[in-house]
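Topology and contacts: notes
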Amino acid sequence: MSDAPSQILVTGPAASAANATTDTVPLGTLQANGRSHLQLAFTGVAGDYFRIWIVNLLLTLITVGLWSPWAKVRKRRYFYGHTWLADANFEYHGNPVAILRGRLIAAAAIGVYWIFENLVPSAGPWLLAVLLCGAPWIIARSLAFNAANSSHRGLRFRFSGTQRDVALAIWPLALWLVALVAGSGDTLDFIEHPARFFGQLAAINATFFAMYPYAVAQIRRLTVGKSAWGDQAFSTTMRTGSVYSIYLIGVAVSFVPLVLGSVVGFFMGMLVGAIAVGHAALAVTIATIFVAFVSASTFIVWTAYNRSRMTNLVLSTSRLSNIAKLNSAISASVLAKLYALNLIAIVCSCGLLIPWAAVRITRYRLQAISVEIEAPLATVTAMVTQDPRATGEELSEMFGIDLAL
Amino acid sequence: MSSIPQSTCAAHWFDGRNGAGTDAELAIADGILRARAGERHLEFSMADVRTSAPIKGVPLRLCVPDGGVFVMTDVAVDPQALGVAAPQGFVHRLEGTPVAVVFAVAAVIAFGVVAYRVAIPWLGGKIAERVPIEAEVTLGTAALASLDGFVFGPTTLPAEQRAELQARFDRLVDLAHLPRQPQLVFRSSQRLFGANALALPGGTVLVTDQLVERTDSLDEVAAVFAHELGHIAHRHTMRRLLEQSASWLILGAVLNDVSGIGSLAAAAPALLIRLSFSRQDEEEADDYAFMLLSQAGLSPSLLADSLEAISSPECSKVEAAAKGSAEKCSRVRRGRAALPPAYLSTHPDIQARIARARAVAN
């Protein structure tokens, strides 16, 4: 599902809206005050995307992964190209060769990391230090690459955040990793002083969970605030407090399936235990299925609530310069139902229905996003001109690092 | 390029300087793209025009120098209709050919099955042979350290019993001639691991008090040692660990989710506890045990005895004595029946293996 244009949801493309039929394309609804209200539309079809997905998966397997950048670009171009705002679709320009170069370097780095971590355990802290220093640079490059390679109406998007900006946004996460490594000590400590060991671990993790929404708010504000379409910059008024309430309510909401499941599971366990004495394998199978069911429900409720509310918050507090205001109205319960059905479909089809699931989720998420333009579209779009820094050409020469944030 | 003028084609023209966009009509002839966009007339040499790779349902784009782009109004217009060459045409044709798609589905499924059944085990074996034994020892020590306290407690076997078992273990090790001298460690595990034995990476054999108590003679435990030494001689543990991490790696790569990569060091303890060897691994280890037992002057049927004792629902003499009576012991065990017999869950096909050991002994 990572093929979906997540970049579109985070920054730019949320910047305008339309209908997919090719013969008659309404330019949105023009309101009395001269503003137009435009809806994003997604015209992708599960069957078509399935063909692209399976053929490119096979080519990737045959070429031992070398085709994967081309596959990624084709899949992403399918999603961008089927996303319409007013009379124009989006376009992804990523250069597969640059992405291949980036992936080869990443694979080499993972290989070195794996060897060091498993064969030279004492190198652990040094590896962590390298990772911590490299992460902001990688994230900044990845955001810039994705933005510079996305366009709408012939104009590119741009992300101008630096690694310093990223480092300032994610420092709580780095601190958590350092604290975990420094505080874990050796295992003997755990056997001799279990209370102290767990106390320490709990304190470190509690601090992390308390800081996490802050880091999320920072990175989201950075992603929007340092983005631009053409020469017009995006801006955001998102408050950190709103992110905290989303995470707190999210935890509370996710507890419902967890608590319900545990209570039902307890009584069911007693019942099954009574019936299935001597049938250990049967009892274990039933218990495993039930635990999987409860974990999946909890995960779905959490993800659906968090993603819908975060997207709604980030987009609804964003605007493009003084010309357009974004809005998003994704429903958590609709998203949860989609996730649940997708999960069942993917598991039952051994993964073959992943394309179907990706198309359904993208269609729902995109059609919930709209753009309010404060003048007729034609006047506004003519105001936006190309930013010479946004060509993306020099970035294509860099390696195409791409992270899903 | 055809010299016959193509019929005109409706498009959207974006000049790449601002986002306004106008309706346009274009035609390609004699290597020249001619277009009327609004009031303007545009001409480009086709040598400078880049055509987008065709994708189903996405309108074709003709990109001209300086960032301008024509987007076809009709999504059905393909490069051939326009008389232009487009990159990745073969992939687009494959995606549009039902036979190719059906073939791709079949091939991907076949690939998955072959990778899981053949390629990954083969690769695991090849890599395991090349992993330095010191690295395996490090991994085994780290794994045992993290399992101690969670799964295993200190042994409560009497020292003399441990010494007798150690003597039997040493005798088998002397006969085995392994590249690195294996160690024997005793641990207790009431519930999670139960009556079981484990070959750790690096060649350490772990045996639980519960297994020793479950069997009726120390020679039966020696038979279990011989079996675990078989796993060590064939480096089964390292192979399975590598296979399992490779499976996750490949699954993660296919599903485009690289975050699923877990490090082997972090996953090893959990994997070890649930590690299940294949039937072939067990047979190899059993064959090795038969050979070692014969060399030590012991009967291969001891392995059958120990397997029977481990899988039997009845209590051994030692266990019965500990609980007061055989009836009480059996009752306690049946009460725990909801939990899986630990040894069975990691060692499948136990009846077949018992029969095999008896056949070899005769």
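**Quick word on the sheet that holds strand β8 (residues 153-154) of chain B**
All names here are of chain B. Taking strand neighbours across the sheet as the criterion, the 4 strands line up as β8-β9-β11-β10 in an open arrangement whose pairing is mixed. Lying at the two open borders of the sheet, with one neighbouring strand each, are β8 and β10 (197-200). As paired strands, strand β9 (residues 183-188) and strand β11 (residues 204-208) are joined by 5 bridges and run parallel to one another. Along β11, the bridge assignment pairs Leu184 with Val205. The sheet contacts of helix α5 (residues 159-176) involve β9 and β11, and relative to β9 the element is tilted by about 145 degrees. The sheet contacts of helix α7 (residues 218-233) involve β9, β10 and β11, and relative to β11 the element is tilted by about 145 degrees.

**Points about a nonpolar patch on the surface**
A cluster of nonpolar side chains, Val251, Phe255, Leu258, Val259, Val263, Phe266, Phe267 and Met270 of chain A, forms an exposed patch at the surface whose accessible area comes to about 760 Å². Secondary-structure assignment places Val251 of chain A in helix α9 (residues 240-275).

**So, the sheet that holds strand β1 (residues 9-14) of chain B**
Residue and element names in this part refer to chain B. Taken in spatial order, the 7 strands line up as β4-β3-β2-β1-β7-β6-β5 in an open sheet, and their pairing is antiparallel. Looking along the sheet, the strands with just one partner apiece sit at the ends: β4 (40-45) and β5 (50-51). Of the pairings in the sheet, the one linking β1 to strand β7 (residues 69-72) comprises 4 bridges and is antiparallel in character. Its bridge partner lying in β7, Trp13 is registered against Phe70.

**Focus on the nonpolar core**
Core analysis: the biggest nonpolar cluster contains 78 residues, and Ile54 and Val243 of chain A have the highest contact counts within it. Here this core gathers at least three residues from each of two domains, domain 1 (1-43 + 372-389) and domain 2 (95-230) of chain A. For Val243 of chain A, the residues in contact, after removing those within four places along its chain, are Pro213, Val216, Ala217, Met238, Met310 and Leu313 of chain A. With 40 residues, the next largest nonpolar core counts Ala176, Val224, Leu298 and Ala357 of chain B among its residues.

**Points about unusual backbone geometry**
Residue and element names in this part refer to chain A. Look at Ser321: it is not a glycine, yet its phi comes out positive at around 45 degrees. Among the structural elements, Ser321 can be located in the loop between β10 (318-320) and β11 (324-328). Although it is not a glycine, Cys350 adopts a positive phi angle of roughly 55 degrees. Structurally, Cys350 can be placed in the loop between α11 (332-348) and α12 (354-367). Note on Cys350: relative accessible area 76%, which makes it exposed.

**Regarding the pairing of strand β2 (residues 36-39) of chain A**
Remark: a regular strand shows side chains that alternate across the two faces of the sheet. Residues and elements named next belong to chain A. On β2, burial follows the alternation: Ser36 and Leu38 on one face are buried, whereas His37 and Gln39 on the facing-out side are not. Here 4 bridges tie β2 to strand β12 (residues 369-373), and the two strands are oriented antiparallel to one another. Counted as the bridge partner of Leu38 is Val371 from β12.

**What to know about the state of the cysteines**
Under the criterion given, the structure shown has 0 disulfides over all chains. Cys348 of chain A takes part in no disulfide bond, and the closest cysteine sulfur to it belongs to Cys350 of chain A, at a distance of 8.7 Å. Exposure remark for Cys348 of chain A: the relative accessible area of 63% places this residue in the exposed category. The structure places no disulfide on Cys9 of chain B, whose sulfur is separated from the nearest cysteine sulfur, that of Cys63 of chain B, by 15 Å. Given the relative accessible area of 9%, Cys9 of chain B is considered buried.

**Focus on the packing of aromatic side chains**
All names here are of chain A. Counted according to the given criterion, the structure contains 19 aromatic pairs over all chains. What links up through ring pairs into an aromatic cluster is the set Phe208, Phe209, Tyr212, Tyr247 and Trp302. Seen from the ring of Tyr92, Arg76 lies directly overhead, with NZ or CZ sitting 5.1 Å from the centre.

**Describing helix α3 (residues 68-81) of chain A**
With 14 residues, α3 of chain A ought to run about 20 Å at 1.5 Å a step, and its terminal C-alpha atoms sit 19 Å apart, in line with that. Burial analysis of α3 of chain A places 13 of its 14 residues in the buried class, which makes it a mostly covered element.

**Some remarks on the confidence of the model for chain B**
Residue and element names in this part refer to chain B. Averaged over chain B, the pLDDT score is 80; the fraction of residues at 70 or greater is 81%. Segment residues 1-5: pLDDT under 50, and 6 contacts once partners within four positions in sequence are set aside and those in other chains are kept. Within the model, the stretch residues 335-345 combines pLDDT values under 50 with 24 contacts to residues more than four positions away or in other chains. For this predicted complex, the interface score ipTM comes out at 0.81, alongside a pTM of 0.73.

**Examining the pairing of strand β5 (residues 88-92) of chain A**
Residue and element names in this part refer to chain A. Of all 5 residues in β5, 5 are buried, a share of seventy percent or more. As defined by bridge partners, strand β4 (residues 83-85) adjoins β5 across 2 bridges and the pair is classed as antiparallel. What sits directly across from Leu85, in β5, is Ala88. Following β4, the chain reverses through 2 residues before pairing antiparallel with β5; Ala86 in that reversal takes a positive phi of roughly 55 degrees. When β5 meets strand β6 (residues 150-152), the two strands line up antiparallel, connected through 3 bridges. When the sheet's bridge partners are listed, Glu91 is paired in β6 with Ser151.

Criteria and cut-off values
Residues numbered from 1 in each chain as written. Chains lettered and ligands numbered in written order. Predicted model: local features only at pLDDT ≥ 70, side-chain atom pairs only at ≥ 80, totals over all residues. Heavy atoms only, no water. Pairing = 2+ DSSP bridges. Helix = DSSP H or I, 4+ residues; strand = E, 2+ residues; numbered from the N terminus. Contact = heavy atoms within 4.5 Å. Axes fitted to C-alpha atoms, helices over the stretch in contact; angles between N-to-C directions. Patch = residues over 30% accessible without salt bridge, like charges linked within 9 Å, V, L, I, M, F, W, Y side chains within 5 Å. Areas by Shrake-Rupley, 256 points an atom, 1.4 Å probe, with all protein chains shown as cover. Salt bridge = Lys/Arg side-chain N within 4 Å of Asp/Glu carboxyl O. Core = buried A, V, L, I, M, F, W, Y, C linked by side-chain atoms within 4.5 Å. Buried < 20%, exposed > 50% of the residue type's maximum accessible area, 1.4 Å probe, protein only. Domains from an automatic or database assignment. Disulfide = S-S within 2.5 Å. Phe/Tyr/Trp six-rings, centres within 6.5 Å; stacked < 30°, edge-to-face > 60°. Lys NZ or Arg CZ within 6 Å of the ring centre and 35° of its normal. Expected span 1.5 Å × (residues − 1). pLDDT = per-residue confidence, 0-100.

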